[in-house]
Amino acid sequence: MKAAGARPTVQQLRWQDYELGMFCHFGLNTFGDKEWGDGTDDPARFDPQAFDPRQWVSAAQAAGFRYLILTAKHHDGFCLWPTETTDYSVRSSPWRDGKGDIVREVADACAEAGLPFGLYLSPWDRHEPCYADKEAYDDFYCRQLTELLTGYGPLVEVWFDGAGSEGREYDWRRIMDLAARHQPDAMIFNMGRPTIRWVGNEDGVAPYPCWNTAETAKASLFTKDMLTWLPDTSAWVPAECDVPIRELQWFWHPGAEERLLPLERLLDIYYRSVGHGANLLLNIAPDDRGLLPEADVKRAMELGNEIRRRFDHPLGETEGAGNELTMEWPSPQTFDHAVVQERIEEGERVRDYRLEARVDGRWRTIAEGSAIGHKKIDRFAPVTADGLRLTVRQADAEPLIRRMACYFADDARS
């Protein structure tokens, strides 16, 4: 864990409060029943006849997602915008007679709905002939990145995937300078000079504790090496947990609805991502019509509805400073969850805590932990009590609690 005095920027604070984001993997892979295209698929295959980004955005917001990330270019090199850098793009497809721009339409749909929009641009490119020439490809990649950073409005996040780039040295300082110049408010994911980091797996779960400070992170699933960032990377680098809603499938594949994660699994992921202080980025891949599949949307809605059912109606909540915070009721309440958040704008201070419930006049321990950070969700067997007490047993400075709340979620109902 890095410097205890580290603090987030205003942009990081805003991003951490989003908590839930939707990932959309879409491209030539969607039409070729592939996860990783090799860059040889014919652009003529790309033709989403019913493409409707407003359906994506509407589903995202209805399910409770607060930002959306689109794969503008995956590892196969096919670009979803009419880039000037290559003809391997929507410009060479029959969709919209080669005059369309997927990135533009998704960006506009998000802007209309007030949903923050971000982009994924794979550094690895299996199509581009100049990839083998480091300097030439750095120029090529920076031109692509500049097009995206300058042409599609404010971006909430720029997603740099390390997969396929193990051992490759890109000109990260130049790439980061472009991002800082054109999109200073965007979060930078995991590479170069990141402001957020990959959690290290594609299961959507964060370890506990998952501190907001870090010096290194894992670059991809395919290397044991840790990625060390540029020297001027901030100490505050919160984690994002990515996972597909269909097991092991980032892109849509026909006839694979049976791979949809069950609601119980998604709820467990939520508890072990958002409930551990990280953000959750759940991938829902559009199909070859250009629509989010009905079954996937239904499952996402089930998740959103269950999160709201459990956490929209606190039995009580409070805030305060110091090593002890107590909430009391005139008559006993039954609850089975507690949510605690620090005022992380002042840093992450708590290092060890205990939660107790007052039952028949006596305090009884119901949960213990180390990190609180942006959010810690504790769940426990239902307890009927007239008080809830948080005791901070170790902290780097005076604990500042943004919110402490309790809920009766009654898990058996889900």
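Residues numbered from 1 in each chain as written. Predicted model: local features only at pLDDT ≥ 70, side-chain atom pairs only at ≥ 80, totals over all residues. Heavy atoms only, no water.

**A few points about the overall build of the protein**
Move 1: Scanning the protein from terminus to terminus reveals 8 helices and 16 strands.
Move 2: Relative to the 2.2 N^0.38 estimate, which gives 22 Å for 414 residues, the radius of gyration of the protein is 22 Å and therefore close to what a compact globule would have.
Move 3: Dimensions along the principal axes, computed over C-alpha positions, put the protein at roughly 75 × 45 × 35 Å.
Move 4: Considering the protein as a whole, with its 414 residues, one finds that 60% of them fall into the buried category.
Move 5: Pairs at least 24 apart in sequence give 76% of the contacts found in the protein among residues at least 6 apart.
Move 6: Just so you have it, the protein exposes about 16400 Å², and 46% of that area is on carbon and sulfur atoms.
Move 7: In the protein, 48 side chains carry a positive charge and 69 a negative one; their mean positions are 4 Å apart. (Helix = DSSP H or I, 4+ residues; strand = E, 2+ residues; numbered from the N terminus. Rg over C-alpha atoms; globule rule 2.2 N^0.38 Å. Buried < 20%, exposed > 50% of the residue type's maximum accessible area, 1.4 Å probe, protein only. Contact = heavy atoms within 4.5 Å. Areas by Shrake-Rupley, 256 points an atom, 1.4 Å probe, with all protein chains shown as cover. Lys, Arg positive; Asp, Glu negative; His and termini not counted. Charge placed at Lys NZ, Arg CZ, Asp CG, Glu CD.)

**Examining the UniProt feature "domain: Glycoside hydrolase family 29 N-terminal" (unreviewed entry) in the protein**
Move 1: UniProt records the feature "domain: Glycoside hydrolase family 29 N-terminal" (unreviewed entry) for residues 43–305 in the present numbering.
Move 2: Within residues 43–305, the helical portion is 28% and the strand portion 14%, while the C-alpha atoms at the span's ends are 39 Å from each other. (UniProt positions renumbered as here; feature names shortened; annotations may be inferred.)

**Digging into the sheet that holds strand E6 (residues 197–198)**
Move 1: Read from one edge to the other, the open sheet built from 8 strands follows the order E5-E4-E3-E2-E1-E10-E9-E6, with strand pairing classed as parallel. The outermost strands of the open sheet, each flanked by one partner alone, are strand E5 (187–189) and E6.
Move 2: Docked against the sheet, helix H4 (residues 102–113) engages strand E2 (68–73) and strand E3 (117–121), running at close to 170° with respect to E2. (Pairing = 2+ DSSP bridges. Axes fitted to C-alpha atoms, helices over the stretch in contact; angles between N-to-C directions.)

**Notes on the side chain of Thr 86**
Move 1: Examined against the element boundaries, Thr 86 turns out to sit in the loop between E2 and H4.
Move 2: A relative accessible area of 13% places Thr 86 in the buried class.
Move 3: In this structure, Thr 86 is in contact with Cys 79, His 127, Glu 128, Phe 140 and Gln 144, ignoring residues within four places of it in sequence.

**As for the nonpolar core**
Move 1: By size, the foremost hydrophobic cluster in this structure holds 95 residues, and its most contacted members are Phe 46, Leu 70, Ile 102, Val 103, Phe 117 and Phe 160.
Move 2: For this core, the leading source of residues is helix H5 (residues 134–151), giving 7 residues.
Move 3: Here Phe 160 is in contact with Leu 121, Tyr 141, Leu 145, Trp 172, Ile 175, Met 176, Ile 188, Phe 189 and Met 191, once residues within four sequence places are set aside.
Move 4: Ala 338, Ala 357, Leu 390 and Val 392 belong to the second largest nonpolar core, which has 22 residues in total. (Core = buried A, V, L, I, M, F, W, Y, C linked by side-chain atoms within 4.5 Å.)

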